[in-house]
Amino acid sequence: MRHLRLVAQGLALPLLLVGAWWWVSADSTSPYFPPLREIVAEFADTWLFTGIRDVLLPTLGTFLAGYSIAIVAGVVLGVALAANDAVAGFLAPLLEFLRALPPIALVPAFISVLGLGEEMRISAVVFASIWPVLLNTIDGVRGVDVVIRDSVTVFRVPRAQRLLFVTLPGASPQIVAGVRVGLALSLIAVIVTEMVTSADGVGAFSRSAQLSFDLPAMWTAIILMGFVGYTLNLLFDRLEKRTLRWHLRMREPAS
Amino acid sequence: MASAHARTGVVTAEAAKRAAPDVDAHVHVDRLHHVFGRGAAARTVLGSVDFTVARGEHVSVVGPSGSGKTTVLRCVAGLLTPTSGQVRLDGAPVAGPPESLAVVFQDYSRSLLPWLTVRSNVALPLRGKGIPAPHRRERAAEALAAVGLKDSLHQYPWQLSGGMQQRVAIARALAYRPEVLLMDEPFASVDAQTRSDLEDLVLRLKRVYAMTVIAVTHDIDEAVYLSDRVVVLSGHPAEVVESVPIDLGADRDQLTTKSDPRFARLRARVLRAVRH
Ligand SMILES: Nc1ncnc2c1ncn2[C@@H]1O[C@H](COP(=O)(O)OP(=O)(O)O)[C@@H](O)[C@H]1O
Ligand SMILES: [Mg+2]
């Protein structure tokens, strides 16, 4: 019962907004803001289901490849750097600079070095999302309580187990936060690189729809990416709740 | 025949040489000297701290707060290399955490891993000992039962009270089956009732698990009540001012022992040494 009410509450505003959009745009003659009715019809035509297969899947493929490389490389490098004060201190300004650099600014450089292919797009996604993962991993590993570190040292917990049961879980709240920031950055990077390389993918699709004045099609691509981003965030929430259950519950007030 | 005699002779001489400094010392804290920081910021915390602990003995180290008790324990645990001097375990110098030495840390609640259940916390140190998983779990459960926590195996440390967390830290040390147990102000931050319960728990456990114990405390009653000997540390820089044998026998309890006139005398003697 309570659950149903929460769902209803959560849906109220989106439904209201969609309703308003539908009503306001119903008689629209502006080519830039076609009636929502038209967009919905177009959406079904375009995306169900050939569009999903031919256009969305390549986008998701690039995203997944780049994002997972960024996560694995970011965590591995982060753990290695956190273990070495001298190297980490030496690299810190460079890493902060690279993180601050808007990743999109580098896309022209990526294109001139790697061309217009999939490699370039994946590299751009990696570059966009690796920094928050890497820097948060370093912080997280460093932040593991010194008393915990002393304990596992005294009890001679072997290296591999120390990494698996102590360092990584201890750093996981920070790592997950970095990975979440990386999710948004990865999606931006994949769409932008698709737009400028006119390959397959949702970014390329929406850009070419815009160039050929097929604005309903352009809007469907935007809506689709909204759904994709929203779904990925939901999945991420669930994953976070599972892996960080101890962390979330620890911070709840005792019952 | 002659060669056999010669060999025996050599062995005996070597054994004698090894045992020479202090025949039955299990732990020898040998002229420990430590300076924190360098240059203008240098602070000599340990002057020359020197004492021995026999196998199976329970020694309490008392001294004012900030006098360097934790620093001494960290040297014994191999977590800190002293500026000079050394700690020897069975005659062998300590360099890094020794095998079969366990510590109950002063910040016990921070020493437990919040992402592991109580049982996994207790079992984690056994991973380095090559014990198979079912045995690790069994041993952990056994140690937790010994400290009265057999119903909390699957809880997380942060779901427990301070006193219970302290028992988990003790269980973790016991499951490790150490020859030497170090405790740093183990009962400093629990309420009075929990504290005397935990003191009696330690007395009981000592009978079951034969261990050499070095416990740091600033509570003189507790030191006298629990130990075979109390080592009094002075501060700034730390030196041993007195080593008081506590001849109260092995059977002690809160009521009779603490009202024993000998207890009062020993307590007064330690107190005078602390204030000297
Ligand atoms: N890592 C450290 N660096 C600098 N000073 C320290 C460090 N650890 C302890 N000290 C100093 O050494 C002195 C003794 O500390 P400690 O051994 O913790 O005393 P106790 O345990 O007797 O209270 C204190 O004055 C403390 O500030
Ligand atoms: Mg201390």
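Residues numbered from 1 in each chain as written. Chains lettered and ligands numbered in written order. Predicted model: local features only at pLDDT ≥ 70, side-chain atom pairs only at ≥ 80, totals over all residues. Heavy atoms only, no water.

### Topic: the interface of chain A and chain B
Contact residues are listed per partner, giving 21 residues for chain A and 26 residues for chain B. Carbon and sulfur atoms supply 70% of the area buried between chain A and chain B, which totals about 2200 Å² over both sides. The largest share of the area that chain A buries against chain B comes from Val-154, Phe-155 and Arg-156 of chain A, three residues that together contribute 31% of it. Counting across the interface, chain A meets chain B through three salt bridges. Taken together, chain A and chain B are joined by six residue pairs in polar contact (both at pLDDT 80 or more). Mapped by element, the contributors of at least two residues to the side of chain A that touches chain B are helix 6 (146-154), helix 7 (159-197) and helix 10 (245-251) of chain A. (Contact = heavy atoms within 4.5 Å. Buried area = accessible area lost by both parts, 1.4 Å probe. Salt bridge = Lys/Arg side-chain N within 4 Å of Asp/Glu carboxyl O. Polar contact = N/O pair within 3.5 Å; in protein donor to acceptor, adjacent residues only side chain to side chain. Helix = DSSP H or I, 4+ residues; strand = E, 2+ residues; numbered from the N terminus.)

### Examining the packing of aromatic side chains
Here the distance between the centres and the angle between the planes together describe a pair of aromatic rings. Overall, the coordinates contain nine aromatic pairs over all chains when judged by the stated rule. Where Phe-63 of chain A meets Tyr-67 of chain A, the ring centres are 5.2 Å apart and the plane angle is 20°; that geometry is what we call stacked. Taken together, the positions of Phe-63 of chain A and Tyr-67 of chain A, both in helix 2 (residues 36-82) and four residues apart, correspond to about one turn of that helix. In terms of burial, Phe-63 of chain A and Tyr-67 of chain A fall into one category: buried. Residues Tyr-156 of chain B and Trp-158 of chain B carry aromatic rings whose centres are separated by 5.4 Å and whose planes lie at 20° to one another, so their mutual orientation is stacked. The partly exposed category is assigned to Trp-158 of chain B, whose relative accessible area is 23%. Positioned above the aromatic ring of Tyr-176 of chain B, the side-chain terminus of Lys-129 of chain B is 4.2 Å from the ring centre. In this structure, Lys-258 of chain B is placed above the aromatic ring of Tyr-225 of chain B, and the distance from its NZ or CZ to the ring centre is 4.8 Å. (Phe/Tyr/Trp six-rings, centres within 6.5 Å; stacked < 30°, edge-to-face > 60°. Buried < 20%, exposed > 50% of the residue type's maximum accessible area, 1.4 Å probe, protein only. Lys NZ or Arg CZ within 6 Å of the ring centre and 35° of its normal.)

### Some thoughts on the UniProt feature "domain: ABC transmembrane type-1" (unreviewed entry) in chain A
Mapped onto this structure's residue numbering, the UniProt feature "domain: ABC transmembrane type-1" (unreviewed entry) falls at residues 56-236 of chain A. Each end of residues 56-236 of chain A is marked by a C-alpha atom, and these two atoms are 19 Å apart; helix forms 86% of the span and strand 0%. (UniProt positions renumbered as here; feature names shortened; annotations may be inferred.)

### Regarding the UniProt feature "domain: ABC transporter" (unreviewed entry) in chain B
UniProt's feature table lists "domain: ABC transporter" (unreviewed entry) at residues 27-260 of chain B, given in the numbering used throughout. Measuring from the first to the last C-alpha atom of residues 27-260 of chain B gives 30 Å, for a span that is 32% helix and 27% strand.

### A short note on the domain arrangement of chain B
Residue and element names in this part refer to chain B. Split into domains, chain B comes out as domain 1 (24-99 + 180-186 + 210-276) and domain 2 (101-177). On the side of domain 2, 10 residues touch domain 1, which itself brings 15 residues to the contact. Between domain 1 and domain 2, roughly 1000 Å² of surface is buried when both sides are summed, and carbon and sulfur atoms account for 60% of that area. In terms of surface lost to domain 2, no three residues of domain 1 exceed Leu-182, Asp-184 and Pro-186, which account for 34% of the buried area on that side. Applying the counting criterion to the domain 1 and domain 2 interface returns zero salt bridges. (Domains from an automatic or database assignment.)

### Remarks on the nonpolar core
Formed by 63 residues in total, the largest nonpolar core has its most connected members in Val-147, Leu-174, Leu-181, Val-224 and Val-270 of chain B. It is helix 6 (residues 162-175) of chain B that provides the largest number of residues to this core, a total of seven residues. Domain assignment of the residues forming this core places at least three in each of domain 1 (24-99 + 180-186 + 210-276) and domain 2 (101-177) of chain B. Setting aside residues up to four positions removed in sequence, Val-224 of chain B forms contacts with Val-230, Ile-246, Leu-248, Arg-252, Phe-263, Leu-266, Arg-267 and Val-270 of chain B. Counting residues in each nonpolar core, the second largest holds 44 residues, with Met-120, Ile-122, Ile-191 and Leu-224 of chain A among its members. (Core = buried A, V, L, I, M, F, W, Y, C linked by side-chain atoms within 4.5 Å.)

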